[in-house]
Amino acid sequence: MASNSVALLLVSHSESLARGTRELIAAMAREVTIRIAAGDGEGGLGTSAEGIETAVRETDAEEVLIFFDLGSALMHAEMAVEMWDVDHRKLTIVDAPFVEGALAAAMAVQTGQSAEAAVQAAEKTRREPKRR
Amino acid sequence: MQVTEAVAWFQAYADRLQQEKEHLTELDSRIGDGDHGANMARGWKAVKEELESFDQGLSECFMQVSKTLIAKVGGASGPLYGTAFLRMSMKLKGEASVSPGDWAELIQAGAEGIRQRGKVSGGEKTMYDVWAPLVDAARDGADLEETVLLRSLAETAREKAEATREMKATKGRASYLGERSIGHLDPGAVSTALLFEVLCDTLSREGM
């Protein structure tokens, strides 16, 4: 049974990339809330701290795990976490491969594991070769 | 530098970026994703508009710039410049003006923000390679007359931006190019050089 107190937020420069990643993950982690903050808001590539803040506010989860694609998405995520009071939600930026990491975390949440376990599952994907 | 001069500086920089938009974009398309010119021009245009009827203090002016850049500039330059202006705003709290002896600490606050936000340490072919040496240049020129000091800062900034040409990028998206990033200027270093050149030009103008 999925815990609905933990949600995922995918921060990407590309809206297509974020939507596609969500589609892929949602096929397995069907009950997990996955939000998107992607693109420059005008149909182009980019990320924005404001977009991240809005996406966080729209979830009712107590804890949000944030995944990002490239370095400047991380910078925007860090700004959003530092600068805005996002009520009393706990925000964790997860340093992990975007697709595999988010999928591993979503599956952990789907199977009722804690947010902490989900973060560990995501981080572990960096160390595991796909061909083994 | 009084608040009216700071406002004039930021507005002149916004105008300068409109002229340099293509050039910065061209630099960025060689080693990045080619959006630096458009992003900076758009963000600073918004800064200019918001400062049109500005009637608060120096610290608030820098804070306004910070907030606008964070909201409007996509890519890495939004958080980087946004953090620099945020830290400079905090340093200016309660101050009515910046005298020549204050510039080193002010620029250091900005540079420190960039260092932390970008997780850089210098020599990685980023805007920090301009910001960091400006702190020393400002310290060396602390006893100079304002326009002489600002001329020296503008020259140092341009020289250090040029020096990024020979560096290999090890941070940001240009780092994916590895050795092939050598031979190109870093766009963020160039937009930083422009910022300090416009500062010098603005405050050296007659009547300022």
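Use the structure listed above.
Remember, predicted model here, so these are calculated numbers, not experimental data.

To continue, consider the side chain of Ser14(A). Residues and elements named next belong to chain A. Tracing the chain through its elements places serine 14 in the loop between strand S1 (6-12) and helix H1 (15-26). At 3.3 Å, the side chain of serine 14 and the backbone nitrogen of serine 16 are in polar contact. Those residues in contact with serine 14 that sit more than four places away from it in its chain are Ala38, Gly39, Leu45 and Asp69.

Moving on, we come to the interface of chain B and chain A. On the chain A side, the residues contacting the 15 residues of chain B number 16 residues. Interface of chain B and chain A: buried area, both sides summed, is about 1300 Å²; carbon and sulfur atoms make up 60% of it. If you sort the residues of chain B by the area they bury against chain A, Ile70(B), Arg117(B) and Arg173(B) come out on top, with a joint share of 41%. Here chain B and chain A share three salt bridges between them.

Let us now look at the pairing of strand S2 (residues 34-38) of chain A. Residues and elements named next belong to chain A. Taking burial as the measure, the five residues of S2 include four buried ones, the bulk of the element. Two strands pair when backbone bridges link them, and S1 and S2 are joined in this way by five bridges, in the parallel orientation. Note on S2: the bridge partner recorded for serine 12 is alanine 38. In this fold, S1 hands off to H1, which returns the chain to S2; that crossover is right-handed.

Residue and element names in this part refer to chain B. Running from amino to carboxyl end, helix H4 (residues 77-91) crosses helix H5 (residues 103-118) at an angle of 140°, the nearest separation of the two axes being 8 Å. When the axes of H4 and H5 are compared, the pair comes out oblique. H5 is crossed by H4, and the crossing has right-handed handedness. Of the residues in H5, those in contact with Pro79, Leu80, Thr83, Ala84, Arg87, Met88 and Lys91 of H4 are Glu105, Leu106, Ala109, Gly110, Glu112, Gly113, Ile114, Gln116, Arg117 and Gly118. Taken together, the residues of the contact of H4 with H5 break down into seven nonpolar, five polar and five charged.

On to the pattern of salt bridges, then. Tallied over the entire structure, the rule returns 22 salt bridges over all chains. A salt bridge links Arg117(B) to Glu78(A), with the shortest nitrogen-to-oxygen separation between them at 3.7 Å. Note that Arg117(B) is positioned in helix H5 and Glu78(A) in helix H3 (residues 71-83), a pairing that runs across two chains. By relative accessible area, Arg117(B) is classed as buried at 6%. What emerges from the salt-bridge pattern is a single network uniting Glu78(A), Glu82(A), Arg117(B) and Lys119(B).

About the criteria used
Residues numbered from 1 in each chain as written. Chains lettered and ligands numbered in written order. Predicted model: local features only at pLDDT ≥ 70, side-chain atom pairs only at ≥ 80, totals over all residues. Heavy atoms only, no water. Helix = DSSP H or I, 4+ residues; strand = E, 2+ residues; numbered from the N terminus. Polar contact = N/O pair within 3.5 Å; in protein donor to acceptor, adjacent residues only side chain to side chain. Contact = heavy atoms within 4.5 Å. Buried area = accessible area lost by both parts, 1.4 Å probe. Salt bridge = Lys/Arg side-chain N within 4 Å of Asp/Glu carboxyl O. Buried < 20%, exposed > 50% of the residue type's maximum accessible area, 1.4 Å probe, protein only. Pairing = 2+ DSSP bridges. Right-handed = clockwise from strand over helix to strand, strands pointing away. Axes fitted to C-alpha atoms, helices over the stretch in contact; angles between N-to-C directions. Parallel < 35°, antiparallel > 145°, perpendicular 65-115°, else oblique. Left-handed = near helix turned anticlockwise from the far one by under 90°. Nonpolar A, V, L, I, M, F, W, Y, C, P; charged D, E, K, R; others polar.

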